[in-house]
Amino acid sequence: MRLRSKKRTAEEKQKIIENISISDQAEISTSLRENDEIIRKMLGNSDDFISRKILLNKQQPIQVQLYYIDALVDKDTLQNDLLGCILNLPSKVDPSWKTEKDLYDFLQNETINTSDLTKIENLKELFSNLLSGDTIILIEGYSKAFATNTRGGQDRGVPEVTTQKIIRGPKEGFTERIGTNIGLVRRRIKDPNLWVKKYCIGEKTQTEVSIAYINGIVNDDIVKEVDQRLSRIEIDSILESGYIEQLIQDAKYSPFPTINNTERPDTIAAGLLEGRIAIFVDGSPFTLLVPALFTDFLQSSEDYYQRSDIGTLLRLLRTFAFFLAMMTPAGYIALTMFHQEMVPTTLLVGLAAQREGIPFPAFIEALIMEITFELLREAGVRLPSSVGSAISIVGALVLGQAAVEAGIVSSAMVIVVSLTAIASFVFPSYNLAITVRILRFGFMALAASFGFFGIFIGLILLVFHLVSLRSFGIPYTTPLAPFIAVDQKDVFVQSVLWKERTRPRLISQKNITRSKLNLPEAQKKKR
Amino acid sequence: MRGRKYILIITIIVLPLTGCWSATELTDIIIATAIGVDKSEDGYRLSVQIINPGEIAGSAENTTRTATTTYTAEGKTIFEALRRMTTIAPRRIFLSHVQVVVISEEVAKEGIGKVLDFLVRDHEFRADFILLIARDYSAKNIVSVITPLERISANKITSSSAASEKYWAPTRDVELNELMQGILSPGREAVLSGIHILGDEDLGKFKSNAEKTEPFALLYINEIGVFKGDQLVGWLNEDESKGFNYITDNVTSTVGGVDCDDDGRIIVEVFRSDVKMYPKVDGNQVTMRIHADLLVNLGEITCDISTETQEDLRAIEEKIEENLNEIMQNTIEAAKKLEADIFGFGDRVRRSLPRDWERLEKDWTTHFLNTNILLQSTVNIRHSGMIHDPFMDDIKKKNQEE
């Protein structure tokens, strides 16, 4: 047995260990012991790191070393597929191999029966695969290694959607595994044009980020833009898709979201079919969808699963709720502080009766109640579900009823705040709900300073801001401004499915036709 | 970018400096719902009915306090009197919700122009309140009456004014704009309905007024006061008031009756009334053809008459047509006596025959008095109700048999 002496001195080894995180291109040594030393040192002798030595071929003994991280591998695959076939090797081994390369080829081509096998050239790849859950196989005397896919470990399975509930439609949601997530979408679109591109972002986390789009439908310029923005990211960690969202979004200081996120594979599939691009991030069930327009946040995937009249009604309701959630307290403040002549007499008398003895001006009163509600909501999110009901009792009885009875707030204000709260839960996307929550306080301040005049100034500024936004090159308020007549079929009013024959302009600029079927005509022909 | 940030910060800092400009909290105002204008020694006595909101909509049990309070102040003009009232009233009086303005007959006879200027000029007033004339009683006492059912008497007055105009027709719901038009436009005179107190005006001010099944005092609106310019010159009686509403095509629904040949009456319910005026000018002679087209239902028959055949119904229709013509004729005569063209005949001529109007305008009152009136009425009976022939005859027969 010839050992190609490519031994390193102790100094050299130290150098590699120090520099590995910087250069990462250090080659794998031919000596197993040397490799072992470097790997162990790099991982700081972590206890969940496991190595196993196997001696192959008793006539011509040759050492093979296996490395894996305990929690990341699927024990079943490791034991049955990998270890099983390697340990059974001695009986089958063909003595004809001469060099280590032959053994390598032999193992690769004839022995190991795990589903995928990657050749590893340097230490960077070695660590990246090892830490992703692969098992690394090193051969004494050969400077290349295998990574066999034994990825596994604990998984939630495909869970039910928790944040974007719908009544009719698929219940399954994304999980933390990127592979599962992409699979969920692939299962819905069985088209070879569904292309996936993988990125590895985060110097420390090495998070897998994938973009998916349907070639031929997607606007190539947007793909290029997304690709550029993702490639430009330089950060140590990506722990959630929210990181990516913040790093690549257009308007960083706007309260409005310019990237949509969803937990629902069907929403992603629908987005892809409209020519959008999905960004999957490993470790997060929230998948991003770009470009995202303002009207997208008022639409739910359920709209399309029901008849269009119901969908239309719900969309109009949501649009109404958007204004309601944003401006009810502001409107109340403006009416009671500035424009009493606009309230019908009977209502004004009622309001005046409630306000008798309330020590605070309407604005302060509204502020107190809004802040109280925001506190309640925040507490409700954090609380374990077992004490959740306690909060609702405290919120409803103590704060609602008692505050009115104690004469601190008027009952009309409680109604206004509850109405606002209910309206803000109507949106299918949480993003916009938060935006509305922020804007609400601004409108309240404007109303308290200038009445309806202030509210309208605020609204005008809001429109200015909205039309100035862009999401990956697409104007945020498309198709309202710029007005695109053909796309009005799917904004506030949802036309019947068989009439939605084109994809939204601007987002998908080629292959615009969706279906050529005109249902009533097709039926006519049958007759 | 930096400059923009500074502008933003400065704007945010400057915003609260306006300090809620012209904001008024609900707790700083009192809502006025009715105003009464009487004459005082050197000007006007203003009575304002204000609301005690806690009594009307408060969550607490109602106390012994009244739902409304009346404040009174005197001044040379309305505005002065109103501002003088701040010495009595606990807060600023908010006028946007005034629904009724009651003007005493005394002031109306002198001329209401001086009163109206403030009502039209002040920005707080909405133009949709109604005006009434307090007849025989002071405006102050009228706005002070506590009404059963409606806790705010202004609400009672507006709703019963609207209801009586709609279902009974001898009153006219006159809002500010209509009054101003009547006073200012050529060829037309203004009218206002009258309001009275039925019962004891002093006991009506107590809360106990609403604690009786038969209150001490009730407000009721009846009859129409005729203006010449801004001065009240006389009154139309109930029939004439109704005739006025017929001629001006303001009847939505009413009830009218004619006597039978024997003792008894036929009452019909008018459910559609369409009246048109066609002016004709021949030299200086104005002829006004008035065509009334009424659809009625038989409402009540207390005499022995058949309604089986078309001829029977036609006979009834003819009687009603006659009666209607008589009512309208009387009304026009009453108006001619007062020399006030409340029907807007002149206005009608001005619109249809503007050239003739130019000639007639100067001396319109004379021409109005000389106007020939041609009345044409068409009445159609639609339904005779749940029964055909009245059963008076059957009762008589049965009585005779016994």
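From a predicted model like this one, the values you see are computed outputs, not experimental measurements.

Definitions and limits used
Residues numbered from 1 in each chain as written. Chains lettered and ligands numbered in written order. Predicted model: local features only at pLDDT ≥ 70, side-chain atom pairs only at ≥ 80, totals over all residues. Heavy atoms only, no water. Disulfide = S-S within 2.5 Å. Helix = DSSP H or I, 4+ residues; strand = E, 2+ residues; numbered from the N terminus. Buried < 20%, exposed > 50% of the residue type's maximum accessible area, 1.4 Å probe, protein only. UniProt positions renumbered as here; feature names shortened; annotations may be inferred. Arc of directions from axis to C-beta. Contact = heavy atoms within 4.5 Å. Phe/Tyr/Trp six-rings, centres within 6.5 Å; stacked < 30°, edge-to-face > 60°. Lys NZ or Arg CZ within 6 Å of the ring centre and 35° of its normal. Pairing = 2+ DSSP bridges. Axes fitted to C-alpha atoms, helices over the stretch in contact; angles between N-to-C directions.

Some points on the state of the cysteines
Cysteine pairs can be linked by a disulfide, which is a covalent bond between their two sulfur atoms.
All names here are of chain B.
Stage number 1. Considering all chains together, one arrives at 1 disulfide over all chains under this definition.
Stage number 2. At a sulfur-sulfur separation of 1.9 Å, the disulfide partner of C260 is C303. Torsion about the S-S bond of the C260 and C303 cystine: about -55°, corresponding to left-handed handedness. In this pair, C260 is assigned in the loop between strand 10 (254-259) and strand 11 (265-282) and C303 in the loop between strand 12 (285-301) and helix 10 (310-337), connecting sequence segments 43 residues apart. Per residue, the accessibility class of C260 equals that of C303, and both read buried.

Section: the UniProt feature "coiled-coil region" (unreviewed entry) in chain B
Stage number 1. As recorded in UniProt, the sites labelled "coiled-coil region" (unreviewed entry) are residues 306-341 of chain B.
Stage number 2. Across residues 306-341 of chain B one finds 78% helix and 0% strand; the C-alpha atoms that close the span lie 42 Å apart.

Thoughts on the UniProt feature "transmembrane region" (unreviewed entry) in chain A
All names here are of chain A.
Stage number 1. UniProt's feature table lists "transmembrane region" (unreviewed entry) at residues 316-338, 408-430 and 442-467, given in the numbering used throughout.
Stage number 2. Across residues 316-338, the secondary structure splits into 96% helix and 0% strand, with the terminal C-alpha atoms separated by 30 Å.
Stage number 3. Within residues 408-430, the helical portion is 65% and the strand portion 0%, while the C-alpha atoms at the span's ends are 32 Å from each other.

A short note on helix 8 (residues 176-184) of chain B
Residue and element names in this part refer to chain B.
Stage number 1. Residues L176, L179, M180, G182 and I183 constitute the buried set of helix 8. Angularly, the buried residues of helix 8 cover 160° about the axis, an arc narrow enough to put them on a single face.
Stage number 2. Lining the buried residues of helix 8 we find helix 5 (113-121), strand 6 (130-134) and strand 7 (191-199).

Examining the packing of aromatic side chains
Residues and elements named next belong to chain B.
Stage number 1. Counting across every chain of the model gives 17 aromatic pairs over all chains.
Stage number 2. Their ring planes at 50° and their centres at 6.0 Å tell us that F345 and F368 sit as a pair that is tilted. A residue pair is termed long-range when its members are at least 10 positions apart, and F345 in helix 11 (residues 345-352) and F368 in helix 13 (residues 364-370) qualify at 23 residues. Across the pair, F368 and F345 agree in class, each one buried.
Stage number 3. Sitting above the plane of the Y44 ring, K39 keeps its charged end 5.7 Å from the centroid.
Stage number 4. Looking at R135, its charged tip hangs above the ring of W235, at a distance of 4.0 Å from the centre.

A word on the sheet that holds strand 11 of chain B
All names here are of chain B.
Stage number 1. Ordered in space as 10-11-12-13, the 4 strands form an open sheet in which the pairing is mixed. Sheet topology places strand 10 and strand 13 (372-383) at the edges, where each strand pairs with a single neighbour. The average angle at which neighbouring strand axes cross in this sheet is 40°, direction not considered.
Stage number 2. Here strand 11 pairs with strand 12 via 16 bridges, running antiparallel. Across the sheet, residue I267 finds its bridge partner in strand 12, namely E300.
Stage number 3. This element, helix 11, spans strand 11, strand 12 and strand 13 of the sheet and lies at about 50° to strand 11.

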